[in-house]
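Architecture and fold: a report
Below are the chains, spelled out letter by letter.
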Amino acid sequence: LETNVYAHELASGVVWIGYLQWLKDNSIGMPKEPILRHLTNIQHRDAILDSDAKGNPVEPEWPEAGFIVGNPPFLGGKRLRNELGDKYVDALFRVYEGRVPAEADLVAYWFEKAREEVEAGRARRVGLLATQGIRGGANRVVLERIKESGDIFWAQSDRDWILDGANVDVSMLGFDEGGETTKVLDDVQVVSINSNLTSQTDTTTAKILPENAGLCFMGTTRIGAFDLTADAAREMLNAPLNPNGRPNSDVIRPWANAMDITRRPRRMFIIDFGTSMSEKDAALYEQPFEYLRKNVYPERQKNNREGYRLKWWIHGESRPAMRKALSILKRYIATPLVSKYRIFAWQSVETLPENLLNVFARDDDYFLGVLHSRIHEVWARSQGTQLREVESGFRYTPTSTFETFPFPWPPGQEPKDDPQVKAIADAARELVEKRDAWLNPPGTTEQERRDRTLTNLYNKRPSWLAEAHRKLDEAVFAAYGWPPTLTDSEILERLLALNHERTAKSQKTVAG
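Residues numbered from 1 in each chain as written. Predicted model: local features only at pLDDT ≥ 70, side-chain atom pairs only at ≥ 80, totals over all residues. Heavy atoms only, no water.

**A closer look at the overall build of the protein**
The condition that has to hold: Runs of H or I in DSSP of at least four residues are treated as helices and runs of E of at least two as strands, each being numbered from the N terminus. A simple rule labels every residue: compare its accessible area, found with a 1.4 Å probe on the protein chains alone, to the largest value its type can have, and call it buried under 20%, exposed over 50%, or partly exposed in between. The contact definition used throughout considers only heavy atoms, calling two residues in contact when any of these lie within 4.5 Å. We get accessible surface area from the Shrake-Rupley algorithm with a probe of 1.4 Å; when it comes to residues, only the shown protein chains can shield them. Charge assignment in this entry is limited to Lys and Arg as positive and Asp and Glu as negative, and neither His nor the chain termini are counted. Each charge is placed at NZ for Lys, CZ for Arg, CG for Asp and CD for Glu.
Helix and strand content of the protein: 19 helices and 19 strands. In terms of principal-axis extent, the alpha carbons of the protein reach across some 85 × 60 × 55 Å. Every one of the 512 residues in the protein was classed for burial, and the buried ones make up 45%. Within the protein, contacts between residues separated by at least 24 positions form 68% of all contacts whose residues are at least 6 apart in sequence. Working note: accessible area of the protein is about 26000 Å², and carbon and sulfur atoms make up 52% of it. Side chains of the protein carry 67 positive and 73 negative charges; the gap between the two charge centres is 3 Å.

What follows is the structure, encoded as structure tokens:
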């Protein structure tokens, strides 16, 4: 099934050439002329969306087949509307509602459609290619459905895909109705393959813990050039008071994204009119407002989302819940959405985080210490997905990664005077102090500090850093009551058991 006319014809030619090679290799002879014929089994049509006689969107019928093999298009969930248009995407969401999450990548629809064919008995086996994102986040829902109605019997969880200049990591999967008993993952025979394409403890069964709610947030999404260089911000901050008698500092804040943590702080600022300021009130901050009218308004008027067009002076996703949670703190913890190393760092509460940062509404050293421990990193890596474009970095999400993680004590219930809590806090404070001293040694210029970044520090991992992390890890292991010699698999087993225990307890409390 192919929508592109040229690709459809090319596929037909390739199949015929392969057929001719097969005839020759097996000494069967050659077919009668014409050698190349029209193939009806390669159809020129959309594989995942169709229309009925009245023009209503419907799920297309696939021809019955023994095997389904394909390389569906790679298109991230956030790019669907830009690439395919609102009409097509709305129809797609409507047809697959309840089966494929709206946030999923385009490839997920092929997986769900193929799964349905197997479940209905119209196909025996499926082999599909996808980006590594298929095993995480919203995409993983379709793999969970595959395991509910059948099973994955073969997979390559991480394989290079280099073609026409593209260099990404992909995953390959083979699945059926559950009849195949031999399971092979990354060329190794295993007992089972989980929906996150691992054979270890199946952390995909972990549930979101209510006790972790309201603590981890994604930063704001600008949707436009709201950011300012230090020089541009300084000019506005030094301007006279506005007609409302207020300074521009009301709406100009320090701004940080992932690079400010993994590299050197860029000292950027951002214009921020909050979550609900009216256009009339925003216009009273003359310079910032006129800057946005010139640099943001034209682009936002082209946006497909009405809310973005109408409230063009407000960030696209202004995160009111995050702002409320951070407003009572003196500082907060931030970690990049995607990074090579899972690094956590302090940010001042005045700094507005971008959406490529996840932030935690806690300002105590104990909490940062648990997040920066080996126990939490093992969990985060098991719940995230690898991404080649950031040197094998992995993704961290507020939901599947953080809200499923069981802390030594439920957040907010830590015994404040407990020596184990204090040991974690002391070790975390020492780690941060030593890192900061390395990043900004006294008496050096900015040029001399240019290469002193957290990424470079963790690339080198000097002995003092390893020792600081060892000390922190041992304190966190002690808080759980676990030996520090546990393997990664044993850590995951214990964390998953604790997650299930806490889930059962919370459900019992709600029921009671």
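There's more to say after this.
**Quick look at the confidence of the model for the protein**
Going by this rule: A score between 0 and 100, pLDDT records how confident the predictor is in each residue.
Put simply, the protein has an average pLDDT of 90, and 96% of its residues get 70 or more. Taken element by element, the predicted model of the protein shows its lowest mean pLDDT in strand 18 (residues 386–387) (57) and its highest in helix 13 (residues 365–371) (98).

**Points about the side chain of Asn139**
Our working rule: Within 3.5 Å is the distance limit for a polar contact, defined as a pair of N or O atoms, with the added protein rule that one can donate a hydrogen and the other accept it, and that residues adjacent in sequence qualify only through two side-chain atoms.
Structurally, Asn139 can be placed in the loop between strand 4 (125–131) and helix 5 (140–149). A distance of 2.7 Å separates a polar side-chain atom of Asn139 from the backbone nitrogen of Asp105. Within the structure, the side chain of Asn139 is placed 2.9 Å from the backbone oxygen of Gly133, a separation counted as a polar contact. The contacts of Asn139, once residues within four sequence positions are left out, are Ala104, Asp105, Ala108, Gly133 and Ile134.

**A few points about the packing of helix 16 (residues 419–439) against helix 18 (residues 463–480)**
Stated precisely, the cut-off is as follows: Every axis corresponds to a line fitted to the C-alpha atoms, with the helix fit spanning only the stretch in contact, and the corresponding angles, defined between N-to-C directions, vary from 0 to 180 degrees. Angle categories are assigned with fixed cut-offs, so that under 35 degrees is roughly parallel, over 145 is roughly antiparallel, 65 to 115 is roughly perpendicular, and the rest are oblique. By convention, the crossing between two helices is left-handed when the near helix turns anticlockwise from the far helix through less than a right angle, and right-handed when the turn is clockwise. When residues are grouped by polarity, Ala, Val, Leu, Ile, Met, Phe, Trp, Tyr, Cys and Pro land in nonpolar, Asp, Glu, Lys and Arg in charged, and all others, Gly among them, in polar.
The interhelical angle for the contact between helix 16 and helix 18, taken along N-to-C directions, is 165°, at an axis separation of 9 Å. In terms of orientation, helix 16 lies roughly antiparallel with respect to helix 18. Judged by the twist between their axes, the crossing of helix 16 over helix 18 is left-handed. Taking contact as the criterion, the partners of Gln420, Ala423, Ile424, Ala427, Ala428, Glu430, Leu431, Lys434, Arg435 and Trp438 in helix 16 are, on helix 18, Trp464, Leu465, Ala468, His469, Lys471, Leu472, Ala475, Val476, Ala478 and Ala479. In terms of residue class, the contact of helix 16 with helix 18 is made up of 14 nonpolar, 2 polar and 4 charged.

**Description of the environment of Ala497**
Mapped onto the fold, Ala497 is located in helix 19 (residues 488–511). Measuring from C-alpha to C-alpha, the distance between Ala497 and Phe217 comes to 25 Å, with 280 residues separating the pair along the chain.

**A few points about the pattern of salt bridges**
Defined as follows: Any Lys or Arg side-chain nitrogen found within 4 Å of a carboxyl oxygen on Asp or Glu counts as a salt bridge.
Under the definition given, this model contains 45 salt bridges. Note that Arg502 and Glu211 form a salt bridge whose closest N and O atoms lie 2.7 Å from each other. Taken together, the residues Arg502 in helix 19 and Glu211 in the loop between strand 8 (188–190) and strand 9 (216–218) connect sequence positions 291 residues apart. Using a relative accessible area of 10% as the deciding quantity, one classes Arg502 as buried. Arg470 serves as the salt-bridge partner of Glu474, at 2.7 Å between the closest nitrogen and oxygen. Placement of both Glu474 and Arg470 in helix 18 is noted, with a separation of 4 residues, approximately one turn of the helix. Residue classification places Arg470 among the partly exposed positions, given a relative accessible area of 37%. In the salt-bridge network here, residues are joined through shared partners; they are Glu59, Arg99, Glu112, Lys113, Arg115, Glu116, Glu117, Glu119, Arg122 and Arg145.

**So, the sheet that holds strand 11 (residues 252–256)**
Just so we agree on the cut-off: Pairing between strands requires that DSSP locate at least two bridges from one strand to the other.
Judged by pairing direction, the sheet is mixed, and its 4 strands sit side by side in the order 10-12-11-16 without closing on themselves. Strands at the two margins of the open sheet, each flanked by one partner only, are strand 10 (227–228) and strand 16 (352–353). Bridge count between strand 11 and strand 16: 2 bridges; the pairing is parallel. Looking at the pairing, Trp255 lines up with Leu352 of strand 16. Here helix 9 (residues 286–295) sits on the sheet and contacts strand 10, strand 11 and strand 12 (268–271); the angle it forms with strand 12, its principal contact strand, is near 85°.

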